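Chain by chain, the residues run as shown.
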Amino acid sequence: AQMASGQGPTPDPADVEAGRLFQAELSARLAQSPKKHVFVYVHGFNNTVGNAVLTTAELWHFRGREGVPVGYTWPAGVGVLRAYEYTVASTEFTISHLKRMLRMIAANPDVERIHILAHSRGTAVLTDTIRELHIELRSTTDSQQALKLGTVILAAADIDLDVAISRNA
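Peer 1: Mind showing me how you'd approach the nonpolar core here?
Peer 2: What tends to happen in soluble globular proteins is that the nonpolar side chains get buried as a cluster. In this structure, Val40 and Val42 are the most contacted members of the largest nonpolar core, which totals 24 residues. Elements with a minimum of two residues in this core: helix H1 (13-31), strand S1 (37-42), strand S2 (68-72), helix H3 (82-107), strand S3 (113-119) and helix H4 (122-137).

In C-alpha cells form, the structure reads like this:
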C-alpha cells in the first residue's frame, strides 16, 4: 500500500472489496439465524486448515447451529520439534491479522456478540490479540463493548501463566 499525502497507507482495492464481500456474507448468514452471534475458532499447534475448518463446523453443529461460525486459520507448524519453533514465530506474525478480522466482525452492525474458542498455541495468539486491541481502544472506549466480546474460552492453553499475569498487572 502506498502512502497518501499526510495520511496512512492507501488501502488496496482488492482488500477493500474482500472486506465488503465478507461483510455482505456475514450479514446474509446472520439473517438466517435467530441468534446474531459469531463464534470464532482459533486453532493451535499441529493443525492444518482442513482440521481447523472441520473443528469449526463440529463446534457450530454441536452448539445447535445458531449464529455464524468463523474458523480463523494461521500458519501453525505441523509435526514435532522444529514445527513448534515455527509455530511460536507464526504466533507473532498472525496477531495483526486476527486483530483485523475481529475488528471487521465487530464493525458489522448485524453482529450482537462475538464468542471465541482458542485451542493450544491459538490461545497465545488470542490473548495477545485481545491484549493489543484493549490497549489500542482503552483510551477511547470500552474495548469489550467495542469488540462485542462475549465468552472467550482458552482450551488446553499454551501460554506462560507468569507472563500472562505480569502483562495484566
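Peer 1: Can you help me understand H4 in this one?
Peer 2: Residues spaced three or four apart along an α-helix face the same direction, because each turn holds 3.6 residues. For H4, built from 16 residues, the straight-helix expectation of 22 Å at 1.5 Å per residue is met to within 8% by its first-to-last C-alpha distance of 22 Å. Restricting attention to buried positions, one finds in H4 the residues Gly122, Thr123, Ala124, Val125, Leu126, Asp128, Thr129 and Leu133.

Peer 1: What exactly am I supposed to notice about the pattern of salt bridges here?
Peer 2: Opposite charge on two side chains permits them to pair, given that their charged atoms come into close proximity. Evaluated as defined, the whole model comprises six salt bridges. Here Glu66 makes a salt bridge to Lys35, at a shortest N to O gap of 3.9 Å. Note that Glu66 is positioned in the loop between helix H2 (49-62) and S2 and Lys35 in the loop between H1 and S1, a separation of 31 residues in sequence. Relative accessible area serves as the criterion here: at 30%, Glu66 is assigned to the partly exposed category. Here Glu132 ties to Lys99 by a salt bridge, and the two come within 2.9 Å at their closest N and O atoms. Here the residue Glu132 occupies a position in helix H4, and Lys99 occupies one in helix H3, the gap between them amounting to 33 residues. The exposure class of Glu132 is partly exposed, given its relative accessible area of 30%. Put simply, Lys99, Arg103, Glu132 and Glu136 are held in one network by salt bridges that share partners.

Peer 1: I tried to follow the pairing of S3 on my own but got confused; where do I start?
Peer 2: Along any regular strand the residues' side chains alternate between the sheet's two faces. The buried fraction of S3 amounts to five of the seven residues, a majority that puts the element mostly inside the structure. Of the pairings in the sheet, the one linking S1 to S3 comprises six bridges and is parallel in character. The residue of S3 that forms the bridge with Val38 is Ile114. Relative to strand S4 (residues 149-155), S3 runs parallel, the two sharing five bridges. What sits directly across from Ile114, in S4, is Leu149.

About the cut-offs
- Residues numbered from 1 in each chain as written.
- Predicted model: local features only at pLDDT ≥ 70, side-chain atom pairs only at ≥ 80, totals over all residues.
- Heavy atoms only, no water.
- Core = buried A, V, L, I, M, F, W, Y, C linked by side-chain atoms within 4.5 Å.
- Buried < 20%, exposed > 50% of the residue type's maximum accessible area, 1.4 Å probe, protein only.
- Helix = DSSP H or I, 4+ residues; strand = E, 2+ residues; numbered from the N terminus.
- Expected span 1.5 Å × (residues − 1).
- Salt bridge = Lys/Arg side-chain N within 4 Å of Asp/Glu carboxyl O.
- Pairing = 2+ DSSP bridges.

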